[in-house]
Amino acid sequence: METHSVKEQGRPDKSAYAMILAFAAALRSTCLSRKVGCVIVRDGQVIATGYNGTPKGTWHPEEFPRPCPCVGGVSGADLSLKYCAHAEANALAQSAYRGASTSGADIFCTNFPCIECVKLLISAGIHAIYYVHGYPDVSGLRDRYLSQAGIPTHPIAWSRIQPHLSALAKG
């Protein structure tokens, strides 16, 4: 995709705008290892946001009796042992809590979803996945699941997001 200066581009297109919101959601993350955010968009409207963190109303990761295995661990490995739920799972939970259907919606993630989140996204009827940063697939199944489910993935270059964030910093 072509990159344009902020002056040429003016305001961000809808996919860049949704991704900017995903990065804003990541700022709320309580994970001690990686800040991840996502936004679910259906019919051009944001229906949910999510970030990686412990479940609502529970301990902050710094309060647990022992360090989270994610700190210094292998990304994408032993996901069931981690203290935080992933951004995608939290966004899907928020959608369910609010009664908002995710069928046919797109998800914009700062990082490519892990295998566990991909399974949830498929079951939730997500139509397409947009992402900026990669994430390891230690299972080797993630791409196969996405292919079988017919869910396309679309990388969004950081260069499409960064100029808009820089413009905000100028005030």
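Preceding this paragraph is the structure being described.
Residues numbered from 1 in each chain as written. Predicted model: local features only at pLDDT ≥ 70, side-chain atom pairs only at ≥ 80, totals over all residues. Heavy atoms only, no water.

A. Representation of the pairing of strand E2 (residues 45–51) in the model. One ladder, built from 6 bridges, connects strand E1 (residues 37–42) with E2; its direction is antiparallel. If you follow Val-41 over to E2, its bridge partner there is Val-46. As consecutive antiparallel partners, E1 and E2 are separated by 2 residues, and within that stretch Asp-43 has a phi angle of approximately 55°, a positive value. (Pairing = 2+ DSSP bridges. Helix = DSSP H or I, 4+ residues; strand = E, 2+ residues; numbered from the N terminus.)

B. Spatial organisation of the sheet that holds strand E4 (residues 128–133). Strand order in this open sheet of 5 strands is E2-E1-E3-E4-E5, and the pairing throughout is mixed. Since the sheet does not close on itself, it has two edges, and those belong to E2 and strand E5 (153–155), each with one partner. Here the strands of the sheet are splayed against their neighbours by 20° on average, with no regard to which way each runs. Alignment of E1 against strand E3 (residues 106–111), held across 4 bridges, turns out to be antiparallel. (Axes fitted to C-alpha atoms, helices over the stretch in contact; angles between N-to-C directions.)

C. Region of the structure containing helix H6 (residues 158–170). Counted at 1.5 Å a residue, the expected span for H6 with its 13 residues is 18 Å, and the 19 Å between its end C-alpha atoms agrees. Taken together, the buried positions of H6 are Arg-160, Ile-161, Pro-163 and His-164. The buried residues of H6 occupy an angular sector of 165° when projected down its axis, which confines them to one face. Those residues of H6 that are exposed and aimed more than 90 degrees away from the buried face are Ala-169 and Lys-170. (Expected span 1.5 Å × (residues − 1). Buried < 20%, exposed > 50% of the residue type's maximum accessible area, 1.4 Å probe, protein only. Arc of directions from axis to C-beta.)

D. Region of interest: the packing of helix H4 (residues 115–123) against helix H5 (residues 142–149). Remark: H4 packs on H5, axes separated minimally by 9 Å, with the N-to-C direction vectors making an angle of 10°. Between H4 and H5, the angle falls in the class roughly parallel. Of the residues in H5, those touching H4 at Ile-115, Val-118, Lys-119 and Ile-122 are Arg-142, Tyr-145, Leu-146 and Ala-149. (Parallel < 35°, antiparallel > 145°, perpendicular 65-115°, else oblique. Contact = heavy atoms within 4.5 Å.)

E. Quick peek at unusual backbone geometry. For Asp-43, which is not a glycine, the phi torsion comes out positive at approximately 55°. In this fold, Asp-43 is placed in the loop between E1 and E2.

F. Seen up close, the environment of Cys-109. Along the chain, Cys-109 turns up in strand E3. Along the primary structure Cys-109 and Val-39 are separated by 70 residues, whereas in three dimensions their C-alpha atoms are 6.7 Å apart. When residues no more than four places from it in sequence are discounted, the contact partners of Cys-109 are Met-19, Gly-37, Cys-38, Glu-88, Tyr-130, Tyr-131 and Val-132.

G. Spotlight on the environment of Ala-24. Relative to the helices and strands, Ala-24 resides in helix H2 (residues 14–26). Overall, Ala-24 belongs to the partly exposed group, its relative accessible area being 40%. On a C-alpha basis, the gap between Ala-24 and Tyr-51 in space is 9.4 Å, while along the polypeptide they are 27 residues apart.

H. The pattern of salt bridges, seen in detail. According to the stated counting rule, one finds 3 salt bridges in the structure shown. Of the charged contacts in the structure, one is a salt bridge between Asp-43 and Arg-42, with a shortest N-O distance of 3.9 Å. The closest approach of N and O atoms between Glu-116 and Lys-119, which form a salt bridge, is 3.2 Å. Note that Glu-116 and Lys-119 are positioned in helix H4 at a spacing of 3 residues, about one turn of the helix. (Salt bridge = Lys/Arg side-chain N within 4 Å of Asp/Glu carboxyl O.)

I. Quick peek at the side chain of Ser-15. Along the chain, Ser-15 turns up in helix H2. Leaving out residues up to four positions away in the same chain, Ser-15 has contacts with Phe-108, Ile-156 and Arg-160.

J. Here's a closer look at the packing of H2 against H6. Between H2 and H6, the least distance of the axes is 10 Å, while the angle of their chain directions is 70°. Taken together, the axes of H2 and H6 are roughly perpendicular relative to one another. Where H2 approaches H6, its residues Ser-15, Ala-16, Met-19, Ile-20 and Phe-23 are matched on the opposing element by Trp-158, Arg-160, Ile-161, His-164 and Leu-165. By residue class, the composition of the contact of H2 with H6 is 7 nonpolar, 2 polar and 1 charged. (Nonpolar A, V, L, I, M, F, W, Y, C, P; charged D, E, K, R; others polar.)

Read these as layout, nothing more, since geometry by itself doesn't imply function.
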